[in-house]
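Summary of the model geometry
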Amino acid sequence: MKFKFIKENINCGILASVLVIFICFLTLFVKPIVGMADNGDFFRIISQSNVYYLQGDNAHSFLGYFDKNYGIYKYNNENPKMIVSTQPMLVKIAVFMDKLITRDYVFDIRFLAFLYVIVYAVSAYLIVTVLTYNIKSNKFKLLFTALFIFVFCDTGYIAYFNSFFGEAVNLSFFLLSLGILLYMYKFKKYSILNLIMFFLASLVFVGSKQQLSPVGFLVALVLFRLFMTNKRKNFRCITLICIITIIASALYSYKSISGDFDYINRYYSMTRGVLLYEWNPDQILKQFNINTQYSMLQETVGFNKLPVIDPNSDKLKKEFYSKYSVLSIVVFYLKNPRIFGKMINFGVINGYSIRPKVLGNYEKKEGKAFGQQSHFFSLWSTIKEKCIPHNMFLTVVAFGIYFYFAVKRYIAARKNEDIDLQLFEEAFLYVFLVGTSQIFISVIGVGDGDLAKHVFMFNVSFDIMLLYSVSLIIENIYKKNRYTNRKENKKWGLKIIEKK
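Everything numeric here is computed off the predicted structure, so don't read it as measured data.

Here is what the cut-offs are and how they apply
Residues numbered from 1 in each chain as written. Predicted model: local features only at pLDDT ≥ 70, side-chain atom pairs only at ≥ 80, totals over all residues. Heavy atoms only, no water. Helix = DSSP H or I, 4+ residues; strand = E, 2+ residues; numbered from the N terminus. Rg over C-alpha atoms; globule rule 2.2 N^0.38 Å. Buried < 20%, exposed > 50% of the residue type's maximum accessible area, 1.4 Å probe, protein only. Contact = heavy atoms within 4.5 Å. Areas by Shrake-Rupley, 256 points an atom, 1.4 Å probe, with all protein chains shown as cover. Salt bridge = Lys/Arg side-chain N within 4 Å of Asp/Glu carboxyl O. Pairing = 2+ DSSP bridges. Disulfide = S-S within 2.5 Å. Phe/Tyr/Trp six-rings, centres within 6.5 Å; stacked < 30°, edge-to-face > 60°. Lys NZ or Arg CZ within 6 Å of the ring centre and 35° of its normal. Patch = residues over 30% accessible without salt bridge, like charges linked within 9 Å, V, L, I, M, F, W, Y side chains within 5 Å. Arc of directions from axis to C-beta. Axes fitted to C-alpha atoms, helices over the stretch in contact; angles between N-to-C directions. Parallel < 35°, antiparallel > 145°, perpendicular 65-115°, else oblique. Left-handed = near helix turned anticlockwise from the far one by under 90°. Nonpolar A, V, L, I, M, F, W, Y, C, P; charged D, E, K, R; others polar. Core = buried A, V, L, I, M, F, W, Y, C linked by side-chain atoms within 4.5 Å. Polar contact = N/O pair within 3.5 Å; in protein donor to acceptor, adjacent residues only side chain to side chain.

1. Thoughts on the overall build of the protein chain
- From N to C terminus, the protein chain includes 21 helices and three strands.
- Computed over C-alpha atoms, the radius of gyration of the protein chain comes to 25 Å, within 12% of the 23 Å expected from 2.2 N^0.38 for 500 residues, which places it in the range of a compact globule.
- Its C-alpha atoms give the protein chain principal-axis dimensions of about 100 × 60 × 50 Å.
- The buried share among the 500 residues of the protein chain stands at 52%.
- Within the protein chain, residue pairs in contact and separated by at least 24 positions form 76% of the contacts whose partners lie at least 6 positions apart.
- Here the protein chain has roughly 24900 Å² of accessible surface; of this, 63% comes from carbon and sulfur atoms.

2. Description of the pattern of salt bridges
- Applying the stated criterion to the full structure yields 13 salt bridges.
- Notably, a salt bridge pairs Glu 278 with Lys 342, separated by 2.7 Å at the nearest N-O pair. Within this pair, whereas Glu 278 is found in the loop between helix 12 (259–274) and helix 13 (281–287), its partner Lys 342 is found in helix 16 (residues 337–350), the two being separated by 64 residues in sequence. Across the pair, Lys 342 and Glu 278 agree in class, each one buried.

3. Let's talk about the environment of Leu 359
- Relative to the assigned elements, Leu 359 resides in the loop between helix 16 and helix 17 (379–386).
- Considered as a pair, Leu 359 and Gln 372 are 13 residues apart in the sequence and their alpha carbons are 7.7 Å apart.
- Residues within four places of Leu 359 in sequence aside, it is in contact with Met 36, Ala 37, Asp 38, Asn 39, Leu 63, Phe 165, Gly 371 and Gln 373.

4. Structural notes on the sheet that holds strand 1 (residues 51–52)
- Spatial strand order, 1-2-3: three strands in an open sheet with antiparallel pairing. Where the open sheet ends on each side, the last strands, each with one partner, are strand 1 and strand 3 (106–108).
- Sheet topology places strand 1 next to strand 2 (residues 69–72); two bridges connect them, and they run antiparallel. Bridge pairing in strand 2 places Val 51 opposite Ile 72.

5. Considering the state of the cysteines
- Tallied over the full model, the rule gives zero disulfides.
- Distance from the sulfur of Cys 242, which forms no disulfide, to the nearest cysteine sulfur (Cys 237) is 9.7 Å.
- On the accessibility criterion, Cys 242 (4% relative accessible area) is buried.

6. Re the packing of aromatic side chains
- Under the counting rule described, the total for this entry stands at 48 aromatic pairs.
- Between Phe 174 and Phe 205, the aromatic rings sit 5.0 Å apart at their centres with planes inclined by 45°, giving tilted as the arrangement. Within this pair, whereas Phe 174 is found in helix 8 (residues 167–187), its partner Phe 205 is found in helix 9 (residues 192–207), the two being separated by 31 residues in sequence.
- Directly above the ring of Tyr 105 sits Lys 74, whose terminal nitrogen or CZ lies 5.3 Å from the centroid.

7. Looking at the side chain of Glu 167
- Tracing the sequence through the fold places Glu 167 in helix 8.
- By relative accessible area, which is 1% here, Glu 167 ends up buried.
- Excluding residues that lie within four positions of it along the chain, Glu 167 makes contacts with Tyr 160, Lys 209, Lys 453 and Phe 456.

8. Things to note about a nonpolar patch on the surface
- On the surface, Phe 22, Phe 25, Leu 26, Val 30, Phe 376 and Phe 377 cluster together into a nonpolar patch covering about 510 Å² of accessible area.
- Mapped onto the fold, Phe 376 is located in the loop between helix 16 and helix 17.

9. Details of helix 15 (residues 326–335)
- Here helix 15 has its buried residues at Ile 329, Phe 332 and Tyr 333. Taken down its axis, helix 15 places every buried residue within 95° of arc, on the same side. Along helix 15, the residues that are exposed and aim more than 90 degrees away from the buried face are Leu 327, Leu 334 and Lys 335.

10. Digging into the packing of helix 18 (residues 392–415) against helix 19 (residues 419–446)
- Running from amino to carboxyl end, helix 18 crosses helix 19 at an angle of 155°, the nearest separation of the two axes being 9 Å. Comparing the axis directions of helix 18 and helix 19 gives the class roughly antiparallel. Note on packing geometry: the crossing formed by helix 18 with helix 19 is left-handed. Residues Phe 399, Tyr 402, Phe 403, Ala 406, Arg 409, Tyr 410, Ala 413 and Arg 414 of helix 18 form the contact with helix 19, whose own contacting residues are Leu 421, Gln 422, Glu 425, Glu 426, Phe 428, Leu 429 and Phe 432.
- Tallied by class, residues from the contact of helix 18 with helix 19 come to ten nonpolar, one polar and four charged.

11. Regarding the environment of Leu 203
- With respect to the element layout, Leu 203 can be found in helix 9.
- Since its relative accessible area comes to 22%, Leu 203 is described here as partly exposed.
- Taking the C-alpha atoms as reference points, Leu 203 and Val 219, separated by 16 residues in sequence, lie 8.9 Å from one another.

12. Overview of the packing of helix 9 against helix 10 (residues 215–229)
- For the pair helix 9 and helix 10, interaxial distance at closest approach is 10 Å and the crossing angle is 170°. Put simply, helix 9 runs roughly antiparallel to helix 10. Within the contact between the two elements, helix 9 uses Leu 195, Phe 198, Phe 199, Ser 202, Phe 205 and Val 206 and helix 10 uses Val 215, Gly 216, Val 219, Val 222, Leu 223 and Leu 226.
- For the contact of helix 9 with helix 10, the class distribution of residues is ten nonpolar, two polar and no charged.

13. Considerations on the nonpolar core
- Counting 151 residues, the largest nonpolar core has Phe 107, Tyr 120, Phe 152, Phe 161, Phe 164, Phe 205 and Leu 223 as the members making the most contacts within it.
- For this core, the element with the highest residue contribution is helix 5 (residues 110–131), accounting for 15 residues.
- The residues touching Phe 152, leaving out its near neighbours within four places in the chain, are Tyr 120, Tyr 157, Ile 158, Leu 171, Leu 175, Val 460, Asp 463, Ile 464 and Leu 467.

14. With respect to the pairing of strand 2
- Across three bridges, the pairing between strand 2 and strand 3 is antiparallel. Bridging from a neighbouring strand, Gly 71 pairs with Val 106 of strand 3.

15. Some remarks on the side chain of Ser 437
- When you line up the elements, Ser 437 lands in helix 19.
- Since its relative accessible area comes to 18%, Ser 437 is described here as buried.
- Polar side-chain contacts of Ser 437 include one of 2.8 Å to the backbone oxygen of Val 434.

That's the geometry; what it means functionally is another story.
What follows is the structure, given as structure tokens:
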């Protein structure tokens, strides 16, 4: 009887949270500690977070090995602010926690990972609670929970938590904001507190990387739908403030892209985007009114030890960068759909790789090979990398099948005047747009430069939509089984009556 009681009252949301914490603890906190090696991007964040690279015997490694320890400035930090991001705020909180507990000036990055894991666990609770709500069988609920853990506790995802990469913020706070949104829709919890929590989580997510600035407008649309469907004056007033704030923040973040960061992005957008693998680069440059001598930059990268030309040189600024902009590149792609299709295909191909191939996961002292990656709990990222066809056509077909059934559900919800179900389906349209927008933004903004990281949110969106589809399939299987069992019971009941 006791077992039956536990079985009937299982809380899969809490179970998912516990499993997230347990697996993250084993991966990120227990030796050999797993994290992400630095590819040079860390400095943009730590330079404005009162943290610096250690020297001497503890000198920082690049690419091959992960470092968990960093120095904390005792006095003034004179480093200039390189980018606008919400991530340094989280790093500073982690630094404060470290100093409070250890009382030294060495920052252990696991304090930062701890913050991400807490957010991640809350996200898991909300999403699993919502997506298992209509599944009445505990067996199927547990199956879905296990699948969620299998996907989102993959080392390819959570290794980012032990790093200064923006992907850690993207992953944890996007899932948190989505979990809050789905929870509101599923359980009709349209409180001002939930609204503010969704807004704040979305603000941290959108503000974590300048590449995500356009997503701010998608968040604004979600908030606008909440504004239109809720008639309470206080709720509407706060929603309007949130909409204005998220749009203003997105515009500010986009406008702040300048200096060396802007030039290297524009360098890649032309050399590794517009000109990539093209037979006649001279003709393409003429369309931008650029001197054809710059065709020698085709397919080059900006961080070579001996570059063809310094990407930040005044000559390039005057004769190269001044000739084109994001808008002119968009116009070029629209006029040349073949080239644009080629670049989108590159984005989709990279959209199934969760972890960058060149970055190691282990500390140097563990004695692992340079660049070696952890295979602990990484089956899902391996399946996506090696088994799922990386093909734009098949990707379009998969999303086409999903939206065929999504539209049918949406139409049925409209007929039944079920606004909550309509909003629920719209939430997954938002998820889809977040993911696919990153492919378009990436190939336009930086070509194929480091695409596996730039289209990271496509991976997250794909996996969320896959899990939602699985939850619907499980729900329908259970309903069909119950319907079949009822018919069988009625049939056998009639036979017994006839026999009597």
